[in-house]
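Residues per chain are reported as follows:
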Amino acid sequence: MSEHKPRKSPEKKMPKAFGWMAEYQDENNLLVAARKVRDAGYTKTDAFTPFPVHGIDEALGIKPTVLPFIVLSAGLTGLATALLMQWWMNGVDYKYIISGKPFGITPASIPVAFELTVLFSAFTAFLGMIALNNLPKFSNPVFTNPRFDRATNDRFFLYVEAKDKYYNRESVKELLSGTHPDSLDEVIEDTTPSELPRPIILAALLLVVAGLIPAMIILNMRAGFSTSPRFHVFFDMDFQPKKKAQQPTTIFADSRIMRPQVKGTIGRGQLDEQEPFYLGYDPAKMTAIDNKNLSVFVSTQAAKLPDTSAQTPADGSPQTAPMTTPPAMAPGTPALNLPWTEKLPIDANEETMALGKLKFETYCAACHGYAGFGDGLVHKRADSLAQGYWLRPTSMHIDRVRNQPVGQIFHTITKGQGKMASYAASLNPKERWAVVLYVKALQKSRNADIDDVPVDLRSKLDEVKK
Amino acid sequence: MNLNYEKSSIELPDAWRAKSPILLSAGLVCLFIGMGCAFLGSANGEDKSQGFRYLTHSYLANFTFVFSFTIAALFFILVQFLTRAGWSTSIRRLAEILMMMIPYLALLFLPILIPLYWGSSSLYEWNAKDITNSVVASKATFYLSKEFFTLRSVVYFAFWILAATWFFRLSRAQDESGDTELSLVRQKWSGPLIMVFSLVTSFAAFDWLMSIDADWYSTIFGVYLFSGSMMGFFAMMIIISMLLQKAGKVQKLVTVEHFHDMGKFLFGFVMFWSYIAFSQLVLIWYANIPEETIWYQVRLDNGWAVFSYSLIPIHFAIPFLFLMSRHVRRNRIALTVGASWVLFAHWYDMTFLVMPNAGPLEVMPLFGHFLGGVGMLCIFGAMFIQRASGVPLVAMRDPRLPEAMSYTNPIL
Amino acid sequence: MATIASTFNPREIDNTDDIPGRRAPLITGNQTYGSVTDIVCRVAEEPQPMLWYILFGFSSLTAITFLGLIGFLILTGVGIWGNMNPVFWAWPIVNFVFWVGIGHAGTLISAILFLFRQNWRTSINRAAEAMTIFAVICAGIYPGIHVGRAWLAFWLLPYPSLNLWMWPQFRSPLLWDVFAVGTYASVSLVFWYMGMIPDLATYRDRSKSPLRRMVYGVLCLGWTGSARHWLRYEKAYTLLAALAAPLVLSVHTVVSFDFAVSQVAGWHTTIFPPYFVAGAIFSGFAMVVTLLVPLRAIYKLENLITLRHLDNMNKIILATGSLVGLAYATEFFMAWYSQNQYEGFTFMNRAFGPYWWAYWTMVTCNVISPQLFWFKKLRTSTFWMVVISIFVNIGMWFERFVITVTSLSRDFLPSSWGYFRPTLFDGLMFFGSFGVFLSLFLLFCRFLPTIAMSEVKGILSATAHSAHGHDAGHGHDH
């Protein structure tokens, strides 16, 4: 081969000696010899055995290891990590509501805590042992002598290192000879070439390059563009043969995939909603009325109100107490004939008034105005746009509205009317009643005379005028 | 192997025999005063039925506390023969003496059994005349009736006493003859006996302890009691060995290796108890079924919450951390301190199992219960001395004794 | 002394008897340290018997089929299985619990028997630990593939995700499983590997080819057998054993929690944790026996894995089988005692309902067959112990099947009841896991030390120099 790297010629250099190695056939001889070496004062010693020989630590003066304490701290770290992790992840950062169990640390946190404690401890025990043993250490002068191969088989070795402060080549040799070893050799360094063989370097390079290929592909894909559609590995998962909301279908005659509530069933929570508190009228008093009237909102019907006293219900059930006469309505207005609640079902106090005021000003004032005249900002803007289809929001102070029972106003907020949408999603029933209270207060405020003001507050009016 | 020993080193200390009557009387006095405090302590004795409830529950808890050592001892003996163990030979006789106390404890069981025949339902609600709870009522017609209950208890005691007596006799016979065949007989029969033992002891736990809350049930209950009993047993063995050595006995025969091994078992059973107790808790807590959670709820209401939560540090955390160290286990004094703590923790656990069913946590009844526990322990000590008199404390002619003397614990 | 075993095989020496005061030899045939090394190393150094190639061919084909089926499953979906309403958990989870259970024996032998100073474990712990690793691999496949979107299985880990903005649900026992089985796999692997380091050094030092020497040399991290290293090694080994012992209990406990934390009748019962652990040890030891009997015969290891070892293992099978039986009895009693109609019905349904055949298979295999080990003749017959251990594993598979499927198919609302039928893929994918298991085990035998040489030599030494000087060279049970 013409290409040779210049190498140190081994024969010119004396191999370095690291100490003396004595070989024994029996572990008892080893123990005896070890004690002799220890008693002679040598500390940089070691024994090499195919299995741990009991008594060798004491015979050589080897001190106990600190490993257990390292493992204990690792275990406690594992425990703390697990508890902190579970508390923070499930109890603080993203609270999971699981069967109403408390957030934070519960008995359910213990299994993971235990496992992590063991995991951290076990890995530390192993890695700690490896590290404390200064392993991996592939190159070791003790391996030079082929006799040493039997250290992992059936022979026992005693080693006195040259590093020892009392080391003297001749006296150590003499001491060890006196223990009658099977063989006694000096430990010398390995003088064979130590460069990595070519094939290994090539193989390592190949692996590194091969390992980079996936990363390059990914980087290329992220940086580049493509006009082809995304590849769907799981086509039938991405495009599932099912219908979503609002889609048409041929299965049902009305082409809707969304089905209305089945006749005669009551959904969850709907039972409550048969109460006057949630409706604004008392459904129990409605047996005298044809049910059809309920769901039909007559927008352009005649002003004549149906005569309820003589009506028989559609389902033939006997008439119960006649309902109260509905209030008079202006001709031309749509008639909705329901047994409205007359009395406010919540306390009329400062708290509910303040709540009603807050909600009114949040949700209603935009259209109806702060005073309820129908001149809110939305109206002003829509009016100024003059697009042709805007109707002025109803004023609260016209007679028709002022005469409406509280239940009817509640019903309007709940269901909506005309252009006004339902506000049931924004206001819970209590809040809606509070708004009704406030609306009534507003109405009263524009329709009162001096007798309505309590005597002790009349002086305040003078202040307002000024 | 020549074991040089003096005959006196394996005999019970004379001082103990002399003190035994004092111990017994002190025990009885403490027990009666304790029971009295438990009874009177509730609302100054005005609510008699509540007082009876405290009294009977306290007695059951204290009885179970001392009884658990004896059946755990029987189990230990059976296992040592099943596994052909050698290390335990020098301490085995102490466990045999403990298991031979089962007949005495059968006497102590009578105050639990006899009131059933007076129609008492203070302890066992299923013995009442009118049971409103339908689940309890249907069980009480046959299974939880006082007759069947008595019959079962008799069967349990019969089995334990027969098994213990048989093994003890064989052991004492070997003291005389040194016949190895006697060991082989016990090895052969230990297996079938353990099978019957596990059934008998599980059902005893269900009958005596689980039925105080007669509509509650837990399949792990037998294992729970077993784990605590084994733990208490090892604590008791360590304490007895230490006391004997302090009195100058068995000093060469029970070595630091034996203490180390008993310490390892103690540690292991502390962990095993914790595992079983936690398993029962987490399953019942998680599924949240009222039929089951009631048992824990009773232990968290009416002032018992602090008591119950304290079980965790007392019965798990402190013994675990203390007994974890090899150096503690090899130091007889430290180990005995640990064992005494564990003994207290076992009493605490028995209290936890039984007392909350009696009523709210009140100071006087709990103090009375503690005093009763001390008294019961003293009575137990007196019984031990009585049983151990004239019995060599070590099975000197057991063929495995040399092995017990020569092993070491190199690393753990 | 002639026994059935020794009439079959002239190499069998019956060391199962025990005269109190004199321990039977654990290692037969007057071994020396050198001969122990030779016996074990020869397994990997000599060419493999033809049987190895036949078995490996068969098992690797099965394993490859399994992998192919997994691909098919991922592309098509879990509908290929029989899981349906109401039995949403069926074969995959039964297989998972089955394999995890089997894995427990290895760690028990390594860790718990070590803590109890049972010297006989040294001949079998290496193969048993290997079996554990491979069983846990087989087990871990099932949860990975049965989640539906297997490519998202990494969501189970608590990593910070900008995509999900949420964390795993730590209150679910299914997540506890991830941690428990994950920890168990890692710790078993570490324990197994650490135990092999000195033996890999032996392989290195006996290697004839430089490549072999290099590979084993790298794997053993340059181990020299230094006493200073042994000290820390033994300490680490002891610590790992002390950690692995409760870990073993905890893993199958967490698996039992998958069922027991629910409210389903037949699942929610407090005895599940220790009952599952006992069952796991039961099936694990049965699998160890099934593997080791052929292993020792094929590779002529009978002097190291002796009849006494097998006898001891069979006794443990008997003991844990009885524990399982005790748990059955307790559950049965409580089904009545609780007066809970659902509990009572569940147990009646198991025995007499549509799955009665599975139930009675389970009872016969789990309760009756291990009881045969009371008879010494069967306990020491290599043929019968393999037969019985196979039945035990069949029984344990059926136990998990009975628990899972009967409780789900008929729970609280009769209108929701349904009958489960497995599909071809359920069966094929279970069968395939055995291919993976056996392939890995065969590779282990081929390349790695099957017996812990250093530990066996350790017990040879301990007793050769004990008080009983005349028992030199045998190794004894202490």
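Residues numbered from 1 in each chain as written. Chains lettered and ligands numbered in written order. Predicted model: local features only at pLDDT ≥ 70, side-chain atom pairs only at ≥ 80, totals over all residues. Heavy atoms only, no water.

Once that is clear, we can look at the overall build of chain B. For chain B, the helix and strand inventory stands at 16 helices and 0 strands. Taken over the C-alpha atoms alone, chain B extends approximately 70 × 45 × 40 Å along its principal axes. Within chain B, buried positions represent 61% of all 412 residues. Across chain B, the fraction of contacts at a sequence separation of at least 24, relative to all contacts at a separation of at least 6, is 82%. As presented, chain B carries roughly 15,300 Å² of accessible surface, and 68% of it is formed by carbon and sulfur atoms. Computed over 28 positive and 25 negative side-chain charges, the separation of the two mean positions in chain B equals 10 Å. (Helix = DSSP H or I, 4+ residues; strand = E, 2+ residues; numbered from the N terminus. Buried < 20%, exposed > 50% of the residue type's maximum accessible area, 1.4 Å probe, protein only. Contact = heavy atoms within 4.5 Å. Areas by Shrake-Rupley, 256 points an atom, 1.4 Å probe, with all protein chains shown as cover. Lys, Arg positive; Asp, Glu negative; His and termini not counted. Charge placed at Lys NZ, Arg CZ, Asp CG, Glu CD.)

To continue, consider the overall build of chain C. When helices and strands are counted, chain C shows 16 helices and 0 strands. The globule rule puts the C-alpha radius of gyration for 478 residues at 23 Å, and the 23 Å found for chain C is close to it. Dimensions of chain C along its principal axes, counting C-alpha atoms only, are 75 × 55 × 40 Å. By residue count, 64% of the 478 residues in chain C fall in the buried class. Sequence separation of at least 24 residues holds for 81% of the intrachain contacts in chain C that already meet a minimum separation of 6. A total of about 16,400 Å² of accessible surface is found on chain C, and carbon and sulfur atoms cover 72% of it. (Rg over C-alpha atoms; globule rule 2.2 N^0.38 Å.)

Residue-level contacts link 56 residues of chain B with 48 residues of chain C. Taking both partners together, chain B and chain C bury about 4,300 Å²; carbon and sulfur atoms supply 67% of that area. One can count 3 salt bridges joining chain B with chain C. We note a salt bridge from E403 of chain B to R23 of chain C, for which the minimum N-O separation is 2.8 Å. The tally of links between chain B and chain C comes to 17 residue pairs in polar contact (both at pLDDT 80 or more). At 15 residues, helix 9 (residues 256-287) of chain B tops the list of elements feeding residues into the side of chain B that touches chain C. (Buried area = accessible area lost by both parts, 1.4 Å probe. Salt bridge = Lys/Arg side-chain N within 4 Å of Asp/Glu carboxyl O. Polar contact = N/O pair within 3.5 Å; in protein donor to acceptor, adjacent residues only side chain to side chain.)

So, on to the pairing of strand 1 (residues 17-24) of chain A. Residue and element names in this part refer to chain A. Across the 8 residues that make up strand 1, a large majority, 6, are buried. Summarising the sheet, strand 1 and strand 4 (residues 183-188) pair through 6 bridges and their orientation is antiparallel. From the neighbouring strand, M21 faces strand 4, where its bridge partner is D185. Taken together, the 6 bridges between strand 1 and strand 3 (residues 156-161) define a ladder with antiparallel strand orientation. Across the sheet, residue Y24 finds its bridge partner in strand 3, namely F156. (Pairing = 2+ DSSP bridges.)

The next subject is helix 2 (residues 33-45) of chain C. Taking 1.5 Å of rise per residue, the 13 residues of helix 2 of chain C would be expected to cover 18 Å, and the 18 Å separating its terminal C-alpha atoms lies within 8% of that figure. With respect to burial, helix 2 of chain C is a largely interior element, 10 of its 13 residues being buried. (Expected span 1.5 Å × (residues − 1).)

A word on the pattern of salt bridges. Taken as a whole and assessed by the stated rule, the structure comprises 39 salt bridges over all chains. A salt bridge links K163 of chain A to E161 of chain A; the nearest nitrogen and oxygen atoms lie 3.5 Å apart. Judged by its relative accessible area of 18%, E161 of chain A falls in the buried class. R259 of chain A is paired through a salt bridge with D254 of chain A; the nearest N and O atoms lie 2.8 Å apart. Residue classification places R259 of chain A among the partly exposed residues on the basis of a relative accessible area of 39%. Linked through salt bridges whose partners overlap, the residues forming this network are R92, R93, E96, R172, D175, R186 and D398 of chain B.

Taken together, the contacts link 63 residues of chain C with 70 residues of chain A. With both sides pooled, the region where chain C packs onto chain A buries about 5,900 Å², and carbon together with sulfur makes up 69% of that total. Counting the surface chain C buries against chain A, the share from its top three residues, W167, R171 and R228 of chain C, is 14%. Linking chain C to chain A there are 1 salt bridge. With a shortest N-O distance of 3.3 Å, R213 of chain C and D149 of chain A are connected by a salt bridge. At the boundary of chain C with chain A, the tally comes to 27 residue pairs in polar contact (both at pLDDT 80 or more). For the side of chain C that touches chain A, the secondary-structure elements that each account for two or more residues are helix 2, helix 3 (50-76), helix 6 (173-206), helix 7 (210-219), helix 8 (227-260) and helix 16 (453-464) of chain C. When residues in the side of chain C that touches chain A are grouped by element, the largest group, 18 residues, is from helix 8 of chain C. Residue classes in the side of chain C that touches chain A are distributed as 35 nonpolar, 17 polar and 11 charged. (Nonpolar A, V, L, I, M, F, W, Y, C, P; charged D, E, K, R; others polar.)

Residues and elements named next belong to chain B. At their nearest, the axes of helix 1 (residues 14-41) and helix 2 (residues 48-82) sit 7 Å apart, and the two run at 140 degrees to each other. Looking at the two axes, helix 1 sits oblique to helix 2. Two packed elements cross with a definite hand, and for helix 1 against helix 2 that hand is right-handed. Contacts between helix 1 and helix 2 pair L31, M35, A38 and F39 from the former with K48, G51, F52, Y54, L55, S58, Y59 and N62 from the latter. (Axes fitted to C-alpha atoms, helices over the stretch in contact; angles between N-to-C directions. Parallel < 35°, antiparallel > 145°, perpendicular 65-115°, else oblique. Left-handed = near helix turned anticlockwise from the far one by under 90°.)

Our next topic: the sheet that holds strand 3 of chain A. Residue and element names in this part refer to chain A. Taking strand neighbours across the sheet as the criterion, the 4 strands line up as 2-3-1-4 in an open arrangement whose pairing is antiparallel. Across the chains shown, the open sheet's two edge strands, defined by having one partner strand only, are strand 2 (45-48) and strand 4. Taken pair by pair, the neighbouring strands of this sheet meet at an average axis angle of 25 degrees, ignoring direction. Of the strand pairs in this sheet, strand 2 and strand 3 are connected by 4 bridges, and their pairing is antiparallel. Considered in strand 3, the bridge of F48 is made with F157. Against the sheet, helix 5 (residues 169-177) touches strand 1, strand 3 and strand 4, its axis set at about 5 degrees to strand 1.

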